[in-house]
Amino acid sequence: MATLEVADIFRAHGPHWRCAQAGHLSLGQLKAMSAIEQCRSAALGGHVLQCQACEHMQIAYNSCRNRHCPKCQASAARRWLEARQADLLPVEYYHVVFTLPGPLSDIAYYNKAAVYGLLFKAAAETLTTIAADPKHLGARIGATLVLHTWGSAMTHHPHVHGIVPGGGLSLDGQRWVACRPGFFLPVRVLSRLFRRRFLEQLGDAHRAGKLQFFGDHRKLADTKTFDDWLKPLRQCEWVVYAKRPFAGPEAVLAYLSRYTHRVAIANSRLIALDEQGITFKWKDYRAKERIRHKTMTLAPDEFIRRFLLHVLPAGFHRIRHYGLIANTTRKDNLARARELLIDEKTMESMETDTDAVDAADGGDASATYVCPDCGAAMFIIETFERGQLPRAPPGRIDAS
């Protein structure tokens, strides 16, 4: 039985949705829909593979590589993780989450680049400022922040996940300062500073004319009205929380592989597409643990609307690095951190282990394509362009 995919929903109901919403969809949303519909189909071309052992042949269609496509994220995540693995330090890692209050979600939707950018900036400044305070850690830390804009039911819920080493370089760079075991930074202090920094920067953006308002929020274009609207948000508690530390670097990578390249909904959560609508699995975080996992059915138009809420502006980076692991200074900072963290004997042991692994890996590189019948390597014997078919299609066709 074929697995239901977001692409199937878009192919079945996308044309009607686009007609009904003509003039109301962004170019990015239209491109995401088109890419997902065509992903791993003849529309994008592909190549013919042949096994050198048993001569089995198959067709592999090209991927769209759109960052909102559920099928294209696994390979992108693997490539990203391989690049990040060398950045891990032999310390505890913590998971922190910064969430915007509900009233700001509508403002964020119509001002994605501006508000999401402020969310990143305020969260990063909060972490680095509190960590540098001698009353807390007194160190320069690094952080990887990942933007998620959805809740489990695909509602608009902007928040950033942060992966942070449990310590940092002292302010003079002469020693490694570790946080207390099992405790990173006080979340109440983080929450208060995050709230203040974000609202200050949001007010600055409003005064600079960088925000747009529509519908019921049109009146917020007035500075005085906007300031009054923000007052309750200055008083309520903002959600910032820190989870328990990961169980070693391997757990950090496992977590990152699940979170860095997620989209609004994975194909594995889809259950049915029928006359009732689209049924999918979701997790109700407000319910008790045993009844959190539920199913939801949405009309096709509502499902597509919710999915497209989370299409990001062109060129917007949803994974960013700050502090010690900022791109411009990462190499030098990590080298200094390792120098302070690992003694010479440990370094020699690591080098020996690395040499052994390299020697083992050097014998036979794994094949990019593997035959489903005999497990031998498969090689490309023909490529074909968009909309074309191979000259002699093999008996079995696989989209991969």
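For the structure itself, consult the block above.
Model, not experiment: these values are computed from the prediction. For every chain, the first residue of the written sequence is number 1, and numbering continues from 1 onward in sequence order. The predicted origin of the model limits local features to residues at a pLDDT of at least 70 and limits the giving and counting of side-chain atom pairs to 80 or more, whereas totals for whole chains, interfaces and linings rest on all residues. Note: side-chain values were computed over all heavy atoms of the structure, leaving out hydrogens and water.

So what exactly am I meant to see when it comes to the pairing of strand 2 (residues 57-61) here?
Side-chain positions along a regular strand alternate between the two faces of the sheet. Burial classes follow relative accessibility: with a 1.4 Å probe on protein chains only, a residue under 20% of its type's maximum area counts as buried, one over 50% as exposed, and anything between as partly exposed. Secondary structure elements are defined from DSSP: runs of H or I of at least 4 residues count as helices, runs of E of at least 2 residues count as strands, and each element is numbered from the N terminus. Most of strand 2 sits inside the fold, with four of its five residues counted as buried. Alignment of strand 1 (residues 46-51) against strand 2, held across five bridges, turns out to be antiparallel. Following the sheet pairing, Gln50 is matched in strand 2 by Met57. Here a strand pair is declared whenever DSSP counts at least two bridges between the two strands. The antiparallel hairpin formed by strand 1 and strand 2 contains five residues in its connecting segment, where Glu55 sits at a positive phi of about 65 degrees.

Help me understand the packing of helix 5 (residues 112-132) against helix 6 (residues 187-207) in this model?
Angle between the axes and distance between the axes are the two parameters that describe a pair of packed helices. An axis is simply a line fitted to the C-alpha atoms; with a helix, the fit covers only the stretch in contact. Between two such axes, the angle follows the N-to-C directions and lies from 0 to 180 degrees. Close contact between helix 5 and helix 6 brings their axes to 9 Å; oriented N to C, the two are set at 140 degrees. The angle between the axes of helix 5 and helix 6 places the two elements in the oblique class. Crossing of helix 5 against helix 6: the hand is right-handed. The residues of helix 6 that touch helix 5, namely those facing Val115, Leu118, Leu119, Lys121, Ala122, Ala123, Glu125, Thr126, Leu127, Thr129 and Ile130, are Val189, Leu190, Leu193, Phe194, Arg197, Phe198, Gln201, Leu202 and Ala205. In this scheme, roughly parallel covers angles under 35 degrees and roughly antiparallel covers those over 145, while 65 to 115 is roughly perpendicular and the rest are oblique. Crossing chirality is assigned from the near helix's rotation relative to the far helix, an anticlockwise turn below a right angle marking it left-handed and a clockwise turn marking it right-handed. Contacts are assigned to residue pairs with any non-hydrogen atoms lying within 4.5 Å of each other.

Is there a simple way to think about the packing of helix 1 (residues 6-20) against helix 9 (residues 300-308) in this case?
One way to put it is that helix 1 packs onto helix 9 with a least axis distance of 10 Å and a crossing angle of 105 degrees. In terms of orientation, helix 1 and helix 9 fall into the roughly perpendicular class. Touching Val6, Ile9, Phe10, His13, Gly14, His16 and Trp17 of helix 1 are Pro300, Asp301, Phe303, Ile304, Arg305, Phe307 and Leu308, all from helix 9. For this scheme, ten residues count as nonpolar: Ala, Val, Leu, Ile, Met, Phe, Trp, Tyr, Cys and Pro. Four count as charged, namely Asp, Glu, Lys and Arg, and the remainder, Gly too, count as polar. Split into classes, the residues belonging to the contact of helix 1 with helix 9 amount to nine nonpolar, three polar and two charged.

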